[in-house]
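Chains, contacts and geometry: an overview
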Amino acid sequence: MESEEWTCLTKEEKKKRLFRDQKRLLDVFLERGAISRRQYEKSLGDLIEKMGISEDESE
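Conventions adopted
Residues numbered from 1 in each chain as written. Predicted model: local features only at pLDDT ≥ 70, side-chain atom pairs only at ≥ 80, totals over all residues. Heavy atoms only, no water. 1 Å grid on protein atoms, 1.4 Å probe; cavity = no way out; pocket = protein on both sides within 12 Å on 5 of 7 lines; lining within 4 Å. Points joined across faces, edges and corners; volume = space filled by probe spheres on them. Helix = DSSP H or I, 4+ residues; strand = E, 2+ residues; numbered from the N terminus. Nonpolar A, V, L, I, M, F, W, Y, C, P; charged D, E, K, R; others polar. Expected span 1.5 Å × (residues − 1). Buried < 20%, exposed > 50% of the residue type's maximum accessible area, 1.4 Å probe, protein only. Arc of directions from axis to C-beta. Contact = heavy atoms within 4.5 Å.

Taken as a whole, the largest pocket spans an internal volume of roughly 150 Å³. Residue lining of the largest pocket: Lys-16, Phe-19, Arg-20, Lys-23, Arg-24, Asp-27, Ile-53, Glu-57, Ser-58 and Glu-59, and that is the complete set. Listing elements by their share of the lining of the largest pocket, those giving two or more residues are helix 2 (11-31) and helix 4 (55-58). Sorting elements by how many residues they give to the lining of the largest pocket places helix 2 first, with six residues. Taken together, the residues of the lining of the largest pocket sort by class into two nonpolar, one polar and seven charged.

Right, dumping it as structure tokens:
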């Protein structure tokens, strides 16, 4: 993402993009066997909690 585009986003939009990017990374780790399903679920749960993401936003 261009830095100019990033600066135009609201705080909430930045948070949602960061969450989506982090979740995508966890998905790749799980797909490639770098982490177990248990590690994935724990990490995703922690990410949701710490970022204050609602159930609707996490899907």
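There's more to say after this.
This next bit is on helix 2. One turn of an α-helix holds 3.6 residues; hence residues three or four places apart share an orientation. The end-to-end C-alpha distance of helix 2 is 30 Å, a good match for the 30 Å that 21 residues give at a rise of 1.5 Å each. Within helix 2 the residues assigned to the buried category are Phe-19, Lys-23 and Leu-26. Along the axis of helix 2, the buried residues cluster in a sector spanning 55°; they form a single face. Those residues of helix 2 that are buried lie in contact with helix 3 (37-51) and helix 4. Residue Gly-33 follows helix 2 closely and has a positive phi angle near 80°.

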